[in-house]
Amino acid sequence: MAGLPLASQLFPLVKAAIERRHGRDTKFQRDLDAYIRYKRIADGVEIPVHAVDLEELLSYLDIEHFLELRGSDTWSQEGNESQLMIRAAIGEVIQSHTPSADKLPIAYYRFAENLSVHDWILTFNYDVVLERALDHIGKPYRLFSHRFESIGKHSNIVDSKREEVVLLKMHGSVDWFHDKQYRELRSSLGPRKPDGAVVHGVFDFPDRYEVTPLVDGPRAADDPLLYLHRIKQVDNFYRRDRSLEAPFILSPSHVKFVYAEPLLSFWNGMGRSGGMNLGVNVIGFSLPPHDEYIRIGLYQMIRNYQGYSWDTKWLDTTLKDQVKFVDFRDAEEGIAEYMQRYSFAEPSKSKFLFSGFGDNAIEFLFTSQRET
């Protein structure tokens, strides 16, 4: 979609990006060799470098880092050197393939135009395609669940006056950066840092990349989202930066959710959602087996949606629509596999389109399938 590489195409592009940035004699190369050796010894499988599965490599590295298997050799809270190199390279590869706001495929503008300011979008993509489409047509949106009028000791008052699309990036974004460790390091240097010292290539130069907080308005002091920031000059960052600064994305590993703590508010209540909605759509998400935590959330949401007041006319006029699924599948085997993964969705209350995301999908998604 929009010319971006698929997950299966990422590894050679990521490896090439790392070598352009840092050369070939790197911690990444040594960790890559260690992973290939691990697979040979532990599984009896000889993997050529060109055939390495990026998701499995990252799973190996994420487990090693999260469980601190290296002990004191752990590089940082955000990851070891190889993890940071890979995440930065993923960001560079995706951003370099992302069209500018005025050159997106027409389907994205049509999708954005059809969105209601009451719609919530949950996306697992890292790219900024949808933000660019919304910016281009001038539709307001926010990247967090709720605004608040005030923060209380035991509860907060939600600000519902602003009408805007809610876009929640469940796995982070190529233009997000997390500053918790930066704050700690900066504080440890005292009121003055050494001349010329750079603690962080983004946060030491907020004007260079136009850094802004992800959230705005009143927030609880311990809200993890306060550590997240966007950069507006995202293309500029990936063109010029050669540091180990990596965007805040949950790397495409099988255990990525262990790093999801800053984003848990996006997931909060998903299992109770759906019942009061009038529409639920799933676009371009094949629900791979290693993402079982996502399947559980979608299962609960869709079962709530299809199981509650299905034949009630809301506001005396509107029935809930079918759950609509859009994906690209050009063979019966692929369609059968997809249908099996989503077998929890009641067929009589679901509709499927397997021609991919395009003009047909816009008509399919935004035209009611049930008589009102």
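Residues numbered from 1 in each chain as written. Predicted model: local features only at pLDDT ≥ 70, side-chain atom pairs only at ≥ 80, totals over all residues. Heavy atoms only, no water.

Another aspect to go through is the overall build of the chain. Per the secondary structure count, the chain includes 13 helices and 11 strands. For 372 residues, the compact-globule formula gives about 21 Å, and the C-alpha radius of gyration of the chain, at 22 Å, lands near that figure. Across its three principal axes, the chain shows a C-alpha extent of roughly 65 × 55 × 40 Å. Sorting the 372 residues of the chain into buried and exposed places 48% on the buried side. Of the contacts formed within the chain by residues at least 6 apart in sequence, a portion of 71% connects residues at least 24 apart. Per element, the accessible surface of the chain, about 19,100 Å² overall, is 51% carbon and sulfur. When the 45 basic and 54 acidic side-chain charges of the chain are each reduced to a single mean position, those positions are 2 Å apart. (Helix = DSSP H or I, 4+ residues; strand = E, 2+ residues; numbered from the N terminus. Rg over C-alpha atoms; globule rule 2.2 N^0.38 Å. Buried < 20%, exposed > 50% of the residue type's maximum accessible area, 1.4 Å probe, protein only. Contact = heavy atoms within 4.5 Å. Areas by Shrake-Rupley, 256 points an atom, 1.4 Å probe, with all protein chains shown as cover. Lys, Arg positive; Asp, Glu negative; His and termini not counted. Charge placed at Lys NZ, Arg CZ, Asp CG, Glu CD.)

For soluble globular proteins, nonpolar side chains are generally found buried alongside one another. Among the nonpolar cores identified, the biggest contains 95 residues, and Leu-57, Ile-86, Ile-90, Phe-266 and Tyr-342 are the most heavily contacted of them. Here the element with the most residues in this core is helix 4 (residues 81-96); it accounts for 6 residues. The contacts of Leu-57, once residues within four sequence positions are left out, are Phe-11, Phe-28, Leu-32, Tyr-35, Val-52 and Ile-86. (Core = buried A, V, L, I, M, F, W, Y, C linked by side-chain atoms within 4.5 Å.)

With that settled, consider the pairing of strand 1 (residues 120-123). On any regular strand, side chains alternate: one points to one face of the sheet, the next to the other face. Here strand 1 shows a clear split, with Ile-121 and Thr-123 buried on one side and none of Trp-120 and Leu-122 buried on the other. Taken together, the 4 bridges between strand 1 and strand 5 (residues 165-169) define a ladder with parallel strand orientation. Within strand 5, the residue paired with Trp-120 across the bridge is Val-166. (Pairing = 2+ DSSP bridges.)

A word on the packing of aromatic side chains. Here the structure, examined in full by the defined rule, presents 25 aromatic pairs. Aromatic side chains Tyr-35 and Tyr-60 sit 5.5 Å apart centroid to centroid with 65 degrees between the ring planes, which places their arrangement in the edge-to-face category. Here Tyr-35 is found in helix 2 (residues 27-43), whereas its partner Tyr-60 is found in helix 3 (residues 54-66), with 25 residues between them in sequence. A relative accessible area of 2% places Tyr-35 in the buried class. (Phe/Tyr/Trp six-rings, centres within 6.5 Å; stacked < 30°, edge-to-face > 60°.)

Read these as layout, nothing more, since geometry by itself doesn't imply function.
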